[in-house]
Amino acid sequence: MPIRLYTIPLSHPSLAARGMLERKGLDFEVVELLGGAHPAQLFAIGFRKPTVPAMKLADGERVQGSLAIAHALERVAPEPSLYPADPELRRAAEAAEKWGEGVLQPVPRRLIRWGLGHHLRQRQWFAREATPLPAAPLVGALLTPVVPIFVRQAKATDEAVRADLAALPGLLDEVDRLLGEGVIGGESLGAADYQIGSSLRMLSAFEDLGRMFAGRPADAFARRVVAQDPAVPAALPPDWLPKAA
């Protein structure tokens, strides 16, 4: 039985996990769950957390989260490695990977879920992109009662989103620094590249934020890691956006 990767549309950590599996050259199957209903589906098939990416290895082991998946894949298939061989470079790559997973990765998740909580049109967009169900306007309205749950899970409060937006120019500067120092963006993509690049690509797909990426090395890097992401309609208050936007 091949490895199974459980995902939902619009999940940038799932894109990171998929990229790592492809880099390893492993035989795997992508199982796309229904966005919004995926927690119940995951529990039903034996996972302990309500989040994707979720991976079931050939021996039945279950792993969730892009960071844990990277470590599991490195254990199951050491070559090609997702980390540099040089110890010093590896330490730098692992620090960047943890930063990408812990600091950068939650930002697009919070921004999307804030929009879902505040605009019906965003819920209708989500219904079109993340569910196979017809009648997106109706499905978007039906999502209204459950959206607050996902907003709370992501801690997508006004204060948190405003802080994320204020921090975004500095986050992009950090990515450009990592690229300039060769920690990420090398000839072969590794765990840190997938962690950081998938989040960047989602952020660059926001119609509110795309101009912040123009001309930056971070933009070309994000597009290298994830070639295409669906555009996220503008939903953020204009006066919350960094001046650079």
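This text follows the structure it describes.
In what follows, the accompanying structure is described. Because the structure is a prediction, the values reported are computed rather than measured.

**Some details on the side chain of E97**
Position of E97 relative to the elements: it lies in helix α4 (residues 87–104). At 7.0 Å, K98 is the nearest oppositely charged side chain to E97, a buried residue that forms no salt bridge. In this structure E97 touches L67, A70, H71, Y83, A191, A192 and Q195, once residues within four positions along its chain are discounted.

**Regarding the packing of aromatic side chains**
Where two aromatic rings form a pair, the distance of their centres and the angle of their planes describe that pair. Applying the stated criterion across every chain yields a total of two aromatic pairs. Ring plane angle 70 degrees and centroid distance 5.5 Å describe the contact between Y6 and F47, whose orientation is recorded as edge-to-face. Note that Y6 is positioned in strand β1 (residues 3–7) and F47 in the loop between α2 (38–44) and β3 (54–56), a separation of 41 residues in sequence. Of the two residues, Y6 and F47, both sit in the buried class. Residue placement shows R62 over the ring face of F47; its charged tip is 5.7 Å from the ring centre.

**Quick look at the pattern of salt bridges**
A complete count under the given rule lists 11 salt bridges for this structure. With a shortest N-O distance of 3.5 Å, R4 and E29 are connected by a salt bridge. Remark: E29 occurs in strand β2 (residues 28–32) and R4 occurs in strand β1; sequence separation between them is 25 residues. Judged by relative accessible area, R4 falls into the partly exposed class, the value being 28%. Under the relative-accessibility criterion, E29 is labelled partly exposed at 34%. Ionic pairing is found between E61 and R75, a salt bridge with its closest N-O pair at 2.7 Å. Remark: R75 occurs in helix α3 (residues 66–76) and E61 occurs in the loop between β3 and β4 (62–64); sequence separation between them is 14 residues.

**Side note on the pairing of β2**
Across five bridges, the pairing between β1 and β2 is parallel. By the bridge assignment, T7 is partnered in β2 with E32. Considered for its hand, the β-α-β crossover made up of β1, helix α1 (residues 12–24) and β2 is right-handed.

**Here's the deal with the sheet that holds β4**
Strand order in the open sheet made by the four strands is β2-β1-β3-β4, with mixed pairing throughout. At either margin of the open sheet sits one strand with a lone partner, and together these are β2 and β4. Between one strand axis and the next, the sheet turns by 20 degrees as a mean value, whatever way the strands run. Where β1 and β3 come together, three bridges link them in antiparallel fashion. Residue pairing across strands places L5 opposite M55, the latter belonging to β3. Along the sheet, α1 makes contact with β1, β2 and β3, crossing β1 at roughly 160 degrees.

What counts, and where the lines are drawn
Residues numbered from 1 in each chain as written. Predicted model: local features only at pLDDT ≥ 70, side-chain atom pairs only at ≥ 80, totals over all residues. Heavy atoms only, no water. Helix = DSSP H or I, 4+ residues; strand = E, 2+ residues; numbered from the N terminus. Buried < 20%, exposed > 50% of the residue type's maximum accessible area, 1.4 Å probe, protein only. Lys, Arg positive; Asp, Glu negative; His and termini not counted. Salt bridge = Lys/Arg side-chain N within 4 Å of Asp/Glu carboxyl O. Contact = heavy atoms within 4.5 Å. Phe/Tyr/Trp six-rings, centres within 6.5 Å; stacked < 30°, edge-to-face > 60°. Lys NZ or Arg CZ within 6 Å of the ring centre and 35° of its normal. Pairing = 2+ DSSP bridges. Right-handed = clockwise from strand over helix to strand, strands pointing away. Axes fitted to C-alpha atoms, helices over the stretch in contact; angles between N-to-C directions.

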